[in-house]
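One letter stands for each residue in the lines below.
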Amino acid sequence: MAYKRFTDRLPIIPADADEHNAVCHYCIVGCGYKAYTWPLNRQGGTAPNQNKFGVDLSAQQFQDTEAWYAPSMYNVVKKNGQDVHLVIKPDVNCVVNSGLGSIRGARMAENRRSDVTGTQQQRLTDPLVWRYGTWQPTTWDDALDLVARVTARFVEPEDEDQLYVSMFDHGGSAGGYENTWGTGKLYFGSMKVKNCRIHNRPAYNSEVHSSRDMGVDELNYAYADYTLTDTIMIVGANPLETQTNLFLNHMVPGMQGGARAIIVDPRRTVTIRACEEAAGAGNVLHLQPKSGTDLALFNAILTHIADQGWVDTDFIAASTIQAAVEVPQSETHPAALGSFEAALEAIRISTAEAAEITGVPEADIIKAAEWYARPHDDGARRKAIIAYEKGIIWGNDNYRTIGALVNLGLACGNIGREGGGVCRLGGHQEGYYRPGDGHVGRPAPYFDRLLIDGGGAVHHVWACDHYKTTLNASRFKRAYNQRTNMVKEAMDNAIGATREELVDAIEGAIRAGGLFSVNVDIIHTQIGQAAHVILPAVEAGEMNLTSMNGERRLRLTEKYMDGPGQALPDCLIAARLAQAMERVLTEEGRPDYAARFQGYDWQTEEDAFMDGYNSGNPEVTYERLRAAGTNGVQEPVLGFENGQLVGTPRLYTDGVFTRHGREDGKALFCHATWRGLQAAGKAQQRDSHRFLINNGRSNLNWQNWFLDQDNDFAMDRWSVPFLQINPEDAAELGVGNGDLVEIHNADGATQAMVYLEPTARRNETFMLFGAPSGTQGNVINGGVNELVLPNYKQTWADIRKIADATPAARRQSFKSWEVEL
């Protein structure tokens, strides 16, 4: 990789280099970048008219010069079949990041496939079909014909329940409006597949049902609001680590301008230390609740605020429902929804009682209430933002806990106002545009449990790796391997068979309990090892792709290089599969069903965009998004005026709430009564095992490390996922830095590398989520909430030593993250 190439100089970007708009395709912040390409046998010069930035490069440049780029931002790639230089560097004119580049985004170039520099040779280049005991490269027509013929054996009009589908619902690297439309049109338009799941959870559902049911879209503010607010409340998130430039470019200036910070997290993170540096330690309040008790904490804060008379009575009267119970608790709504007064009585809990439940000192609960809602000395209302993420989304009692946060925002009039908001910080960018999914139902089918119990005949997997990113992973993997191996054996025994005979053999194995697996991805994945057909996709930059970020900022990442080999955009793969289904069903004498698979004559990803997103948003086109550059436009897009798209900086400024679809536009409060650990088996697991196995991401790696597995810079830092543990706990276990340990409970086992961290609380550990060599999901049980939202966070297990530190681990630094500055 770049830092090991012994690169002592880089080519100067010439003045006439091609310039492309690009957005970092990793986290939801969506930093703006520029991608530059030019012929391999040329470079620019030091004179201002010879380089892209029009400056004299013979002179020393200033510290933050736009003309500089790092080795990690450079590569040699294919474009229109020719080798070209590629530089992908942060855009100083993008309001999201103002030229900052994260440790993930600033490595985008070195994580492109290159036959010249040798990077990312793991990328899939050809469709693969299981033949002769392994995967054999083939053509799209051959691979998709097999997929269509096997799939057609198990689907009928109005009865596609034997087809299971796992697919992305986001933007960024995979997904985007083009690809979610392609897959959505296929599975929700041409078919009505109901047994489906989203990339990181075991059902096709929202992670924020309660917020939406209450009328509040989870992305309702602008990033600029962090610089306009009085209080930033961060819940179950670590934004310096996982939304780096949102934190540095927006939160830090807000705190430097006087905003206080309340951080709710059971562990002390790098974000907390950074907040103390930016705001001053006296302006940062760290609340450390016992795992899973956040709901009681939020209810106590709101109870105290209400008792002090700090709620916004005018807003409550004008913009919220007045009926005590408007939506009763039911199978589809895990808590009743209604008026503020009724919700307050349902959630009422004293600060003293909450302190007993959560372990947070009562004085700190009161201080949090004051910092969030106590009016200024002149009587002006305090502006406050709540930013939350996986710590409660994937935590205890999802529906009620998120509802309790939205209750706080609504009660204090902090949604729809400048400097306010109650928002997800997010993981991926967003890019969801699909036909209606009402046929899936609510609660959605618990996909993993159905598959483990023998459900399904055919499984189409799009950019998902459940082996690394699902709960109850040990059972899921065992069942999946057993069922897919039955089909592989049948295919191996059908050597020399005709296509029809092969499909007959596959069908026989399926009807005996097997499962036919089709995997669409950019690299070989762990779940892909079980697949029978593997289809190569491209990602952002290898196609034109539109996504929106955490403030609903829509941009177009332009195609700046070729995809590898035969790889295609997901939307065009979906289109070709639909065409194959139409042909096969026609041949089988099922013309009415075949007709449902028409309308996929797309030649480019832009065709898919126009067929989908543009049909609902006709003012948005590729041409207009190119002109909008890396600043794009904030959705919803209201029109096109004076040569520019007109967007919406923040939602609900008029006090009208629409996410729930109610005509009255009134928001609802959630009766979010505290009820302990809600998901099945969690309390028993807690009582049976010593250590909390908390989990999350690191700044260096993204999600399941997909491209980082072939990146020396990343793998040299974390060869094995770390497990942060208190030194006293480690001493009792007889382990030290770098040692390998097994984390085990009744649900499974996994491994990790010990990382001593003095700030870790006793009996509470933190492990990287989704790592390929140590899957934390192996020890998570199958407990979900009523709407099948997974509880990844409340997991307990025991720990034992496996081995001393490996040679790779011994070379790594184990310095405490609590660095003295």
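Values in this document were obtained by computation on a predicted structure and should not be read as measured data. (Residues numbered from 1 in each chain as written. Predicted model: local features only at pLDDT ≥ 70, side-chain atom pairs only at ≥ 80, totals over all residues. Heavy atoms only, no water.)

Enquirer: Looking at this model, I keep getting lost on the overall build of the chain. Mind explaining?
Expert: Helix and strand content of the chain: 25 helices and 29 strands. Overall, the chain is about 80 × 70 × 65 Å in size when its C-alpha atoms are taken along their principal axes. Counting across all 821 residues of the chain, residues that qualify as buried make up 64%. A sequence separation of at least 24 residues applies to 77% of the contacts in the chain between residues at least 6 apart. Element-wise, carbon and sulfur atoms account for 47% of the exposed surface of the chain, whose accessible area totals about 28,000 Å². (Helix = DSSP H or I, 4+ residues; strand = E, 2+ residues; numbered from the N terminus. Buried < 20%, exposed > 50% of the residue type's maximum accessible area, 1.4 Å probe, protein only. Contact = heavy atoms within 4.5 Å. Areas by Shrake-Rupley, 256 points an atom, 1.4 Å probe, with all protein chains shown as cover.)

Enquirer: Looking at this structure, I do not really get the domain arrangement of the chain. What am I missing?
Expert: How big an interface is tends to be expressed through the accessible area that disappears when the partners come together. Domain boundaries assigned for the chain yield domain 1 (18-107), domain 2 (128-194 + 446-541 + 564-596), domain 3 (209-426) and domain 4 (682-811). Just the C-alpha atoms count here: the centres of domain 3 and domain 4 sit 29 Å apart. Listed per partner, the contact involves 24 residues of domain 3 and 21 residues of domain 4. With both chains or domains summed, domain 3 and domain 4 bury close to 2,000 Å², and 52% of this area falls on carbon and sulfur atoms. On the domain 3 side of the contact with domain 4, R267, S291 and W394 bury the most area, a combined 33% of that side's loss. Run the count over domain 3 and domain 4 and you get zero salt bridges. Put simply, domain 3 and domain 4 have 11 residue pairs in polar contact (both at pLDDT 80 or more) between them. Contributing elements (two or more residues each) for the side of domain 3 that touches domain 4: α4 (239-242), α12 (390-393) and α13 (398-411). (Domains from an automatic or database assignment. Buried area = accessible area lost by both parts, 1.4 Å probe. Salt bridge = Lys/Arg side-chain N within 4 Å of Asp/Glu carboxyl O. Polar contact = N/O pair within 3.5 Å; in protein donor to acceptor, adjacent residues only side chain to side chain.)

Enquirer: What exactly am I supposed to notice about the pattern of salt bridges here?
Expert: Side chains bearing opposite charge may pair, as long as their charged atoms lie close to each other. Here the structure, examined in full by the defined rule, presents 57 salt bridges. Across the pair D448 and R197 runs a salt bridge, and its minimum N-O distance is 2.6 Å. In this pair, D448 sits in helix α14 (residues 447-452) while R197 sits in strand β8 (residues 196-198), placing the two residues 251 residues apart along the sequence. For the pair formed by D448 and R197, the shared burial category is buried. Across the salt bridge formed by R675 and D397, the nearest N and O atoms sit 2.8 Å from each other. Taken together, the residues R675 in the loop between β23 (669-670) and α22 (682-688) and D397 in the loop between α12 and α13 connect sequence positions 278 residues apart.

Enquirer: Is there a simple way to explain the packing of aromatic side chains in this structure?
Expert: The description of an aromatic ring pair uses the distance of the two centres, along with the angle that the planes make with each other. Per the stated rule, a full pass over the model turns up 29 aromatic pairs. For the ring pair W181 and Y433, a centre distance of 5.7 Å and an interplane angle of 45° mean the geometry is tilted. Of this pair, W181 sits in helix α2 (residues 176-190) while Y433 is found in the loop between β14 (421-424) and α14, placing the two residues 252 residues apart along the sequence. With centroids separated by 5.5 Å and ring planes inclined at 65°, the aromatic side chains of Y433 and Y613 adopt a geometry described as edge-to-face. You can see Y433 sitting in the loop between β14 and α14 and its partner Y613 sitting in helix α20 (residues 613-616), a full 180 residues away along the chain. (Phe/Tyr/Trp six-rings, centres within 6.5 Å; stacked < 30°, edge-to-face > 60°.)

Enquirer: Help me out: how do you make sense of the sheet that holds strand β13 (residues 384-388) in this one?
Expert: Across a sheet, paired strands are connected by hydrogen bonds in the backbone, their directions being either parallel or antiparallel. Taken together, five strands build an open sheet; the order of strands is β11-β10-β9-β13-β14 and the sheet is parallel. Only two strands of the sheet have a single partner each, and these edge strands are β11 (284-287) and β14. The mean inter-strand angle of the sheet, taken between neighbouring strand axes irrespective of direction, is 15°. Summarising the sheet, strand β9 (residues 231-235) and β13 pair through five bridges and their orientation is parallel. In the sheet register, V235 faces β13, and the bridge partner there is Y388. Sheet contacts for helix α11 (residues 362-373): β9, β10 (260-264), β11 and β13; angle to β11, the most-contacted strand, approximately 130°. (Pairing = 2+ DSSP bridges. Axes fitted to C-alpha atoms, helices over the stretch in contact; angles between N-to-C directions.)

Enquirer: Sorry if this is basic, but what is going on with the pairing of strand β15 (residues 458-462) here?
Expert: Every regular strand shows the same layout, with side chains that alternate between the two sheet faces. A large share of β15 lies buried, amounting to five of its five residues. Across four bridges, the pairing between strand β7 (residues 163-167) and β15 is parallel. The residue of β15 that forms the bridge with S166 is V461. Pairing between β15 and strand β16 (residues 516-521): five bridges, direction parallel. The residue of β16 that forms the bridge with V461 is N519.

Enquirer: Got a minute to help me understand the UniProt feature "domain: Molybdopterin oxidoreductase" (unreviewed entry) in the chain in this structure?
Expert: UniProt's entry tags residues 123-579 with the feature "domain: Molybdopterin oxidoreductase" (unreviewed entry), counted in the numbering of this structure. Along residues 123-579 one finds 39% helix and 14% strand; the C-alpha atoms at either end are 26 Å apart. (UniProt positions renumbered as here; feature names shortened; annotations may be inferred.)

Enquirer: What is the right way to look at the sheet that holds strand β29 (residues 796-803) in this model?
Expert: If you trace the six strands once around the closed barrel, you get β24-β28-β25-β27-β26-β29, paired in mixed fashion. Geometrically, the sheet is characterised by an average inter-axis angle of 45° between neighbouring strands, direction not taken into account. Pairing geometry for strand β24 (residues 691-696) and strand β28 (residues 764-768), over five bridges, is parallel. Following the sheet pairing, G696 is matched in β28 by L768.

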